[in-house]
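Each chain, letter by letter, is given below.
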Amino acid sequence: MKKSRPKKAKAIKKTPKPKTKAASNIDEIIAEVAGADVVPLVKALRNKANLSEFKLADSIKKEINLTRNMLYRLYDNNLVSFTRKKDKKKGWYIYYWTFNQKRIKDIVKDLRKKKLERLEERLAREKTTQFYACKNNCIRLDFEQCHDFSFKCPECGELLNMEDNTQKIRELEQEIMRIKKELLLNKS
Ligand SMILES: [Zn+2]
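Residue numbers restart at each chain and count upward from 1, following the sequence in its written direction. Given that this is a predicted model, residues contribute local features only at a pLDDT of at least 70 and side-chain atom pairs are listed and counted only at 80 or more, while totals for whole chains, interfaces and linings are drawn from all residues.

S.K.: Break down the packing of helix 3 (residues 26-34) against helix 7 (residues 102-128) for me, citing the residues and quoting the values.
M.R.: Here the axes come from fitting lines to C-alpha atoms, over the contacting stretch only for helices, and the angles between their N-to-C directions go from 0 to 180 degrees. Under the scheme used here, helices are H or I runs from DSSP no shorter than 4 residues and strands are E runs no shorter than 2 residues, and both carry numbers assigned from the N terminus. Remark: helix 3 packs on helix 7, axes separated minimally by 11 Å, with the N-to-C direction vectors making an angle of 70°. Considering their axes alone, helix 3 and helix 7 lie roughly perpendicular with respect to each other. Residues Ile26, Ile29 and Val33 of helix 3 touch helix 7, and the partners they reach there are Ile104, Ile107 and Val108. Looking at the contact of helix 3 with helix 7 residue by residue, the class counts come to 6 nonpolar, no polar and no charged. Each angle receives one of four descriptions, namely roughly parallel if under 35 degrees, roughly antiparallel if over 145, roughly perpendicular if within 65 to 115, and oblique otherwise. By definition, residues are in contact whenever their C-beta atoms, placed on the basis of the backbone, come within 7 Å of each other. Amino acids are sorted into nonpolar (Ala, Val, Leu, Ile, Met, Phe, Trp, Tyr, Cys and Pro), charged (Asp, Glu, Lys and Arg) and polar (every other residue, Gly among them).

Have a look at this one:
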């Protein structure tokens, strides 16, 4: 029945899945930090240098303004650098862009660090909170929330029971260890 409402409470229940393999994929990293639409642009930029924005717009078949918007987004994340040259005939500047491959490594590291922070916060919460759960898996609440609902599941009406989260804590600790190891291995 109405199982869609307590999304937040359900999200806490999920076991963390290792995403590091996916995060090492350059396309996914680019999409995560600058938007999925810039992925084709980055493909056009990679392994080349000083590409004019007009050429880039041509190769991804987008308007120049849209292409520039994407380039600025990459620039905001230090993923590209540029030089500019004045077009003598037209009198305006043309920008030439180069992809900053080295930056990818830093981003991977940053993402890992952020994930580590999130997991450590979660672990602290798991260790310091007594959770109550519904046997039908609808929801998971802390004492205060549980009290607000008179110890009954707001979704199905079942009595909420104290939950043993030892296994969750162990999984979180393992995941944290794994990421810490990765960060150490990729230190440079
Ligand atoms: Zn329930």
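S.K.: Summarise the environment of Val38; cite the residues concerned and give the values.
M.R.: As for its position among the elements, Val38 is in the loop between helix 3 and helix 4 (39-45). Residue burial is a threshold on neighbouring C-beta atoms within 10 Å of the residue's own C-beta, all placed from the backbone, with 20 or more meaning buried, 12 or fewer meaning exposed, and counts in between meaning partly exposed. Val38 gets classed as buried once you count the C-beta atoms within 10 Å, which come to 24. Along the chain, Val38 and Ile60 lie 22 residues apart, while their C-alpha atoms are 9.6 Å from each other. For Val38, the residues in contact, after removing those within four places along its chain, are Ile30, Met70, Arg73 and Leu74.

S.K.: Tell me about the environment of Glu173, residues and numbers included.
M.R.: Here Glu173 is to be found in helix 9 (residues 166-185). Accessibility expressed as a C-beta count within 10 Å gives 15 for Glu173, which makes it partly exposed. A C-alpha to C-alpha distance of 8.4 Å links Glu173 and Glu120, two positions 53 residues apart in sequence.

S.K.: Mind laying out the sheet that holds strand 4 (residues 131-134), listing which residues take part and the relevant values?
M.R.: Taking strand neighbours across the sheet as the criterion, the 3 strands line up as 5-4-6 in an open arrangement whose pairing is antiparallel. Edge strands, defined here as strands with exactly one partner in the open sheet, are strand 5 (140-142) and strand 6 (160-162). Neighbour-to-neighbour, the strand axes of the sheet open up by a mean angle of 35°, direction not taken into account. When DSSP finds two or more bridges between two strands, those strands count as paired.

S.K.: So, the pairing of strand 2 (residues 80-86): which residues are in play, and what are the values?
M.R.: In terms of strand pairing, strand 2 meets strand 3 (residues 93-99) through 7 bridges, oriented antiparallel. Paired with Thr83 across the bridge in strand 3 is Tyr96.

S.K.: Tell me about unusual backbone geometry, and name the residues and values.
M.R.: In most cases, non-glycine residues show a negative phi, while peptide bonds are predominantly trans. Positive phi, close to 65°, is recorded for Asn137, a residue that is not glycine. When you line up the elements, Asn137 lands in the loop between strand 4 and strand 5. Not every positive phi belongs to a glycine, and Ser150 is a case in point at roughly 55°. Inspection of the secondary structure puts Ser150 in the loop between helix 8 (143-148) and strand 6.

S.K.: Mind laying out the confidence of the model for the chain, listing which residues take part and the relevant values?
M.R.: Along the chain, pLDDT gives the predictor's confidence residue by residue, from 0 to 100. Confidence in the prediction for the chain averages 88 pLDDT; 87% of positions are at 70 or higher. Across residues 1-17, confidence stays below pLDDT 50; counting only partners more than four residues off in sequence or on other chains, it has 17 contacts. Note that pLDDT drops below 50 for residues 19-24; the model gives that stretch 7 contacts with residues more than four away or on any other chain.

S.K.: Lay out helix 6 (residues 64-76) with the relevant residues and their values.
M.R.: In this model helix 6 runs 18 Å from its N-terminal to its C-terminal C-alpha over 13 residues, within 8% of the 18 Å that 1.5 Å per residue would give. Within helix 6, burial applies to Thr67, Met70, Leu71 and Leu74. When helix 6 is viewed along its axis, its buried side chains cluster within an angular range of 100° and face the same direction. Residues of helix 6 that are exposed and point over 90 degrees away from its buried face: Asn65, Tyr72 and Asp76. Here the buried face of helix 6 lies against helix 3, helix 4, helix 5 (53-60), strand 2 and strand 3. A positive phi of about 60° marks Asn78, the residue just after helix 6. Here the expected length of a helix is defined as 1.5 Å per residue gap, with one fewer gap than residues. By arc we mean the arc of the directions from the helix axis to the C-beta atoms, nothing more.

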